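Chain by chain, the residues run as shown.
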Amino acid sequence: MPSYVVLLGPPGAGKGTQAELISEKLNLAHISSGDIFRENLKNQTELGKQAQGYMNRGELVPDDLTIEMIKDRLQRPDCKEGALLDGFPRTPAQAEALGKMLAEWNGKVECVPYISVPPKELVGRLSGRWTCKEQGHVYHETFNPPKVAGKCDIDGSELYQRDDDKAETVERRIKVYLEQTTPLIDYYRKQGVLAEVDGTLPIEQVTTLLLKAIEKG
Ligand code: AP5
Ligand code: MG
């Protein structure tokens with residue numbers, strides 16, 4: 001039976017950082033909805049063009065487009081054993097749709113680690129973030145600097161700052177998260193699969209706590 005883990009948490013909580021560190025250990029494909037949208041934007045696909053305005057404003061891309069995209073992605077061969085979802089679902093409608101599609105494939109959401117970080121810490125994390133152009137690996141100029149400034153340790157590609165990491169867009173993203181995504185904390189708690197992890201700890205400690213939570217779940 002395929003296994004699905006959903007990483008929940010605000011923008012800048014460390015979902016991408018942690019998914020990169022644990023997906024291999026769990027033998028699950030790392031599926032980041034934000035990374036897929038950014039890839040489509042870069043290649044100016046139809047989906048990328050449709051998503052662009054929402055992303056630039058720090059708003060959510062409409063549910064129907066997002067659900068369709070994830071459904072398609074989860075049916076690729078690398079998700080045969082399941083997936084580690086990062087950034088999806090983010091609305092109750094997306095969570096319902098995910099539950100339905102997984103049931104069709106005899107799977108279910110097994111564990112939802114919720115990486116909690118208070119809003120006041122998020123702005124500093126996002127303004128100091130540098131992301132790799134090729135594969136989206138994530139660094140921070142103070143908390144997790146690359147070995148060589150401006151270059152990705154893993155694939156050597158150039159690092160850039162995301163357009164939506166500007167202060168005013170970050171504020172909007174946090175507001176949208178609080179309004180539209182936080183209901184999922186209770187949604188998954190009621191299903192008995194939520195595991196809260198303190199995301200303010202250093203990166204390695206968060207990784208250890210996440211792996212423990214997922215093993216238990
Ligand atoms: P997306 O790319 O998913 O952005 P996000 O959820 O806002 O999350 P981030 O990627 O900003 O943060 P993260 O939690 O991954 O943190 P990271 O590990 O990088 O979405 C972008 C946009 O796409 C959305 O606004 C929306 O428009 C659209 N979209 C995506 N999914 C959608 C959906 N399902 N529905 C509709 N629209 C959707 O870490 C952040 C920084 O902190 C880094 O610099 C890192 O080095 C540092 N850091 C990490 N952990 C620690 C730590 N423990 N201590 C100190 N620093 C740390
Ligand atoms: Mg991310």
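Analysis parameters
- Residues numbered from 1 in each chain as written.
- Chains lettered and ligands numbered in written order.
- Predicted model: local features only at pLDDT ≥ 70, side-chain atom pairs only at ≥ 80, totals over all residues.
- Heavy atoms only, no water.
- Helix = DSSP H or I, 4+ residues; strand = E, 2+ residues; numbered from the N terminus.
- Rg over C-alpha atoms; globule rule 2.2 N^0.38 Å.
- Buried < 20%, exposed > 50% of the residue type's maximum accessible area, 1.4 Å probe, protein only.
- Contact = heavy atoms within 4.5 Å.
- Lys, Arg positive; Asp, Glu negative; His and termini not counted.
- Charge placed at Lys NZ, Arg CZ, Asp CG, Glu CD.
- Near = heavy atom within 4 Å.
- Polar contact = N/O pair within 3.5 Å; in protein donor to acceptor, adjacent residues only side chain to side chain.
- Areas by Shrake-Rupley, 256 points an atom, 1.4 Å probe, with all protein chains shown as cover.
- Axes fitted to C-alpha atoms, helices over the stretch in contact; angles between N-to-C directions.
- Parallel < 35°, antiparallel > 145°, perpendicular 65-115°, else oblique.
- Left-handed = near helix turned anticlockwise from the far one by under 90°.
- Nonpolar A, V, L, I, M, F, W, Y, C, P; charged D, E, K, R; others polar.
- Expected span 1.5 Å × (residues − 1).
- Arc of directions from axis to C-beta.

J.: Would you explain the overall build of the protein chain in this entry?
T.: A count of helices and strands for the protein chain gives nine helices and eight strands. Taken over the C-alpha trace, the protein chain has a radius of gyration of 16 Å; the compact-globule value for 217 residues is 17 Å, and the two agree within 12%. For the C-alpha atoms alone, the extent of the protein chain along its principal axes is close to 45 × 40 × 35 Å. Counting only residues that meet the buried cut, the protein chain has 48% of its 217 residues in that class. Of the contacts formed within the protein chain by residues at least 6 apart in sequence, a portion of 72% connects residues at least 24 apart. Computed over 28 positive and 33 negative side-chain charges, the separation of the two mean positions in the protein chain equals 1 Å.

J.: Quick question: what am I supposed to make of the site of ligand 1 here?
T.: Around ligand 1, a shell composed of 36 residues is seen, among which T17, S33, E59, R129 and R173 lie nearest. Backbone polar atom of G12 to an oxygen atom of ligand 1: 2.8 Å apart, as the coordinates give it. In this structure, an oxygen atom belonging to ligand 1 sits 3.3 Å away from a main-chain N or O atom of A13. Coverage of ligand 1 by the protein chains reaches 97% of its 1100 Å² of free accessible surface.

J.: Got a minute to help me understand unusual backbone geometry in this structure?
T.: Across the chain, the bulk of peptide bonds are trans and the bulk of non-glycine residues have phi less than zero. Residue F88 is joined to P89 through a cis peptide bond whose omega torsion reads -5 degrees. Along the chain, the position of P89 falls in the loop between β3 (82-86) and α5 (92-104). A positive phi angle, close to 60 degrees, is found at N27, a residue other than glycine. Structurally, the position occupied by N27 is in the loop between α1 (15-26) and β2 (29-32). With a relative accessible area of 58%, N27 lands in the exposed category.

J.: In this structure, what is going on with the packing of helix α2 (residues 33-42) against helix α3 (residues 46-57)? I would like to understand it.
T.: For any two helices packed against each other, one specifies the inter-axial angle together with the distance between the axes. At their nearest, the axes of α2 and α3 sit 8 Å apart, and the two run at 115 degrees to each other. Compared by their axis directions, α2 and α3 come out roughly perpendicular. α2 and α3 meet at a crossing whose hand is left-handed. Within the contact between the two elements, α2 uses G34, F37, R38, N40 and L41 and α3 uses L47, G48, A51, Q52 and M55. Residues belonging to the contact of α2 with α3 are distributed by class as follows: five nonpolar, four polar and one charged.

J.: Just to check I follow, could you spell out helix α7 (residues 167-181) for this structure?
T.: Taking 1.5 Å per residue as the helical rise, α7 with its 15 residues ought to reach 21 Å, and the 20 Å between its terminal C-alpha atoms agrees with that figure. Of all the positions in α7, only T169, V170, R173, I174, V176, Y177 and T181 are classed as buried. Projected down its long axis, α7 carries its buried residues within an arc of 160 degrees, all on one side. Structural note: α7 exposes E168 and E171 on the side pointing more than 90 degrees away from its buried face.

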